[in-house]
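Chain by chain, the residues:
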Amino acid sequence: GDGAMEMVPPYLQLAEANLGLGRFQQAEEFLSLANWSVLKNPDCSNAIRSQLHRNFGKLYSAKGKLDEALQELAKDIYCSSLEVGPEHVDTSAGYYHMASIFYTQHRIENALAFYDKVVDIWYKFLASVRNDTELAESLSESQLQEGMDILRWRTTASRLRARFTPSTSAQSIRRQETCSRC
């Protein structure tokens, strides 16, 4: 019925699909339906809340509403941190999307700080996967794709740092070299 929690995951999937197709009005309608259900069910999981806020953040970013996008992504990170912790790969996607917005806004230092956070989280995750292959299998296809996108940005972030900071720290260089061996 109206406000049923079992409808939220399909609404979120439909919203993501429409976002990917550039159909922002339809995406916003599905996100609004999901939001209504979440509001009517205060015991909703933080994982669902995180997905909802992340999708609103991505929608607002695509529409050029960058301040609203940052607010939604901050809520995403908060909910994801409550669910799985602030250093989890699930949470890193929120940091990544915020970094991308900061980059778009030419707030390079903020973008670099968030990209560094994301790379650090993924580096630790990939290092732990070496010893626990089941951990890698626990990720969904979209999480793996998001991880690949994030790690591609590592090179771009390194170039940005070289252009916008007087010197790159030795620790950052070591981490990048080690991460490229993963």
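Data block above holds the structure.
Definitions and limits used
One numbering rule holds for all chains: residues counted from 1, following each sequence as written. pLDDT decides what is reported in this predicted model: residues at 70 or higher carry local features, side-chain atom pairs at 80 or more are listed and counted, and totals for whole chains, interfaces and linings draw on all residues regardless. Computation of side-chain values: all heavy atoms of the structure, hydrogens and water removed. Using a grid of 1 Å spacing that covers the protein atoms alone, one calls a set of points a cavity when a 1.4 Å probe fits there but cannot get out, and a pocket when the set is open and has protein on both sides within 12 Å along at least five of seven lines; lining residues are those with an atom within 4 Å of a point. Grid points are joined across faces, edges and corners, and a volume is the space filled by probe spheres set on the points. Secondary structure follows DSSP: runs of H or I at least 4 residues long count as helices, runs of E at least 2 residues long count as strands, and numbering of each begins at the N terminus. Throughout this entry, Asp, Glu, Lys and Arg are counted as charged residues, while Ala, Val, Leu, Ile, Met, Phe, Trp, Tyr, Cys and Pro are counted as nonpolar. The remaining residues, Gly among them, count as polar. Axis geometry follows a simple rule: fit a line to the C-alpha atoms, using only the stretch in contact for helices, then measure angles between N-to-C directions, giving values from 0 to 180 degrees. An angle below 35 degrees is treated as roughly parallel, one above 145 as roughly antiparallel, one from 65 to 115 as roughly perpendicular, and anything else as oblique. Rotating anticlockwise by less than a right angle from the far helix to the near helix defines a left-handed crossing, while the corresponding clockwise rotation defines a right-handed one. The criterion used for residue contact is that any of the two residues' heavy atoms lie within 4.5 Å. Working definition: a ring pair exists when centres of Phe, Tyr or Trp rings (six-membered ring for Trp) sit within 6.5 Å. Plane angles under 30 degrees give stacked, over 60 give edge-to-face, the rest tilted. Only protein chains enter the accessibility calculation, which uses a 1.4 Å probe; a residue is then buried when its area is under 20% of its type maximum, exposed when over 50%, and partly exposed in between. Any carboxyl oxygen of Asp or Glu within 4 Å of a side-chain nitrogen of Lys or Arg constitutes a salt bridge here.

**Student:** Explain the layout of surface pockets here, please?
**Tutor:** Taking a probe equal in size to a water molecule and rolling it over the atoms shows the remaining empty space. There is about 590 Å³ of room inside the largest pocket. What lines the largest pocket is a set of 28 residues, and nearest its centre among them are Gln51, Arg54, Ser142, Gln143 and Glu146. Listed by contribution, the elements that provide at least two residues to the lining of the largest pocket are helix H1 (8–20), helix H3 (46–62), helix H4 (66–84), helix H5 (89–104) and helix H8 (141–164). If one sorts the elements of the lining of the largest pocket by residue count, H8 sits on top with seven residues. Broken down by class, the residue content of the lining of the largest pocket amounts to 10 nonpolar, 11 polar and seven charged.

**Student:** Any chance you could explain the packing of H5 against helix H6 (residues 108–129) here in plain terms?
**Tutor:** Describing two packed helices takes the angle between their axes plus the distance from one axis to the other. Look at H5 against H6: their axes get within 8 Å of each other, and the N-to-C directions meet at 155 degrees. Considering the angle they form, H5 stands roughly antiparallel to H6. Here H5 runs over H6; the crossing is left-handed. Between H5 and H6, the residues in contact are Val89, Ser92, Tyr95, Tyr96, Met98, Ala99, Ser100, Phe102 and Tyr103 and Ile108, Asn110, Ala111, Phe114, Tyr115, Lys117, Val118, Ile121, Trp122 and Phe125, respectively.

**Student:** Would you take a moment to explain the packing of aromatic side chains for this structure?
**Tutor:** Each pair of aromatic rings is reported with the distance of its centres and the angle of its planes. On inspection of all chains with the given rule, the structure shows six aromatic pairs. Ring centres of Tyr95 and Phe114 lie 6.2 Å apart, and the angle between their planes is 55 degrees; on these two criteria the pair is classed as tilted. Here Tyr95 is found in helix H5, whereas its partner Phe114 is found in helix H6, with 19 residues between them in sequence. Looking at Phe114, the relative accessible area reads 23%, which means it is partly exposed.

**Student:** Explain the pattern of salt bridges here, please?
**Tutor:** Pairing between side chains of opposite charge can happen when their charged atoms approach one another. Taken as a whole, this structure holds five salt bridges when the rule is applied. Between Glu28 and Lys63 there is a salt bridge whose closest N-O contact spans 2.8 Å. With a gap of 35 residues between them, Glu28 in helix H2 (residues 24–40) and Lys63 in the loop between H3 and H4 connect regions that are remote in the sequence. Relative accessible area serves as the criterion here: at 19%, Glu28 is assigned to the buried category. Judged by its relative accessible area of 34%, Lys63 falls in the partly exposed class. Lys75 is paired through a salt bridge with Glu72; the nearest N and O atoms lie 3.7 Å apart. Highlighted residues: Lys75 and Glu72, both in helix H4, separated by three residues, approximately one helical turn. We classify Lys75 as partly exposed; its relative accessible area is 41%. In this structure Glu72 comes out as buried when scored by relative accessible area, which is 12%.

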